[in-house]
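An overview of the molecular structure
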Amino acid sequence: MPFLRTDGPNLYYEVVGEGEPLVLVHGSWNDHTSWQPAIEADIRASFRVVSYDRRGHGQSEPGEGPGTRREDEDDLADLIEALGPAPAHVAGNSFGASTALGLAARRPELFRTLTVHEPPLVAIVDGDPAALEEMRTARASIGAVLDLLRQGEHEQGARLFVEEVAVGLDTWDRLPRSTRETFVHNAPTFLGEQSDPDWAALDLAALARCEVPVLLSGGTESPAWLSTVLDHLAAALPGARRQRLEGAGHIPHVTHPQEYVAALKGFIREV
């Protein structure tokens, strides 16, 4: 099995297809397998696609202690430089989108394009009263999830996160068994991510200096506060493009892979 040997944890990765490099960065609770529907929707026909398990997820090793998003960013940089060549197209979902944006603010030379779907960067909207009100219910639900995880109730915490934060009510039991098992396996890493005081922050001034073409995508069925985060990112990145995925939610590469791939490929072709 292929592992990227780093100074930190070893990272599991897979490569398919040929062409310019496209690195896929998954969100919390998931691993590289969450990208499979999008890969099968024919991304591999256009790119050399690299999907990997972030530290503490799937087959990748955990780091020492709870870890930080900065460490995830450094892992992504190592991956691009080792498996590139850089610059690479990068697409990230949720926490993976936050990771990609954080690295782009620091190392824009590693990116050819950047596509991000609904990064949960709640710290950048702290001064927006309307956004804080939109997030009130989600914050309460996430707090309840963390309480369950601290008690070792990983499956109950995963179910609550899926149904009250990420996807919607009565959806947990409809997920494939393998997907539910992945969520439960990665639950402790989510608890560690939330322990990082900077997990939801972003240097908007540094990001604004980034000249990489950026696509900011959101689902029409996602919570309103995620769209508000995208609004704040768009204000910091006046050259960024917006994309609304009709009928999709927080993980469109899983639920609406054809539409997601069409938007991704269309954006990259245009720029």
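Check the entry above for the structure.
A look at the pairing of strand β4 (residues 47–52)
- Most of β4 sits inside the fold, with five of its six residues counted as buried.
- Sheet topology places strand β2 (residues 11–16) next to β4; four bridges connect them, and they run antiparallel. Pairing of V16 across the sheet is with V49, part of β4.

Topic: the layout of surface pockets
- Within this model, the largest pocket holds a volume of roughly 560 Å³.
- Lining the largest pocket we find 32 residues, and of these V167, L175, I251, V254 and T255 sit closest to its centre.
- The element best represented in the lining of the largest pocket is helix α6 (residues 177–185), accounting for four residues.
- Taken together, the residues of the lining of the largest pocket break down into 13 nonpolar, 16 polar and three charged.

Let's talk about the pattern of salt bridges
- Inspection of every chain in the model, using the stated rule, returns 17 salt bridges.
- The salt bridge involving R54 is made with D72; its shortest N-O contact spans 3.3 Å. With R54 in the loop between β4 and α2 (69–83) and D72 in helix α2, this residue pair connects regions lying 18 residues apart in the sequence.
- By relative accessible area, D72 is classed as buried at 5%.
- Each of the salt bridges in this network shares a partner with another, and the network as a whole consists of R69, E73, D74 and R106.

Conventions we followed
- Residues numbered from 1 in each chain as written.
- Predicted model: local features only at pLDDT ≥ 70, side-chain atom pairs only at ≥ 80, totals over all residues.
- Heavy atoms only, no water.
- Buried < 20%, exposed > 50% of the residue type's maximum accessible area, 1.4 Å probe, protein only.
- Helix = DSSP H or I, 4+ residues; strand = E, 2+ residues; numbered from the N terminus.
- Pairing = 2+ DSSP bridges.
- 1 Å grid on protein atoms, 1.4 Å probe; cavity = no way out; pocket = protein on both sides within 12 Å on 5 of 7 lines; lining within 4 Å.
- Points joined across faces, edges and corners; volume = space filled by probe spheres on them.
- Nonpolar A, V, L, I, M, F, W, Y, C, P; charged D, E, K, R; others polar.
- Salt bridge = Lys/Arg side-chain N within 4 Å of Asp/Glu carboxyl O.

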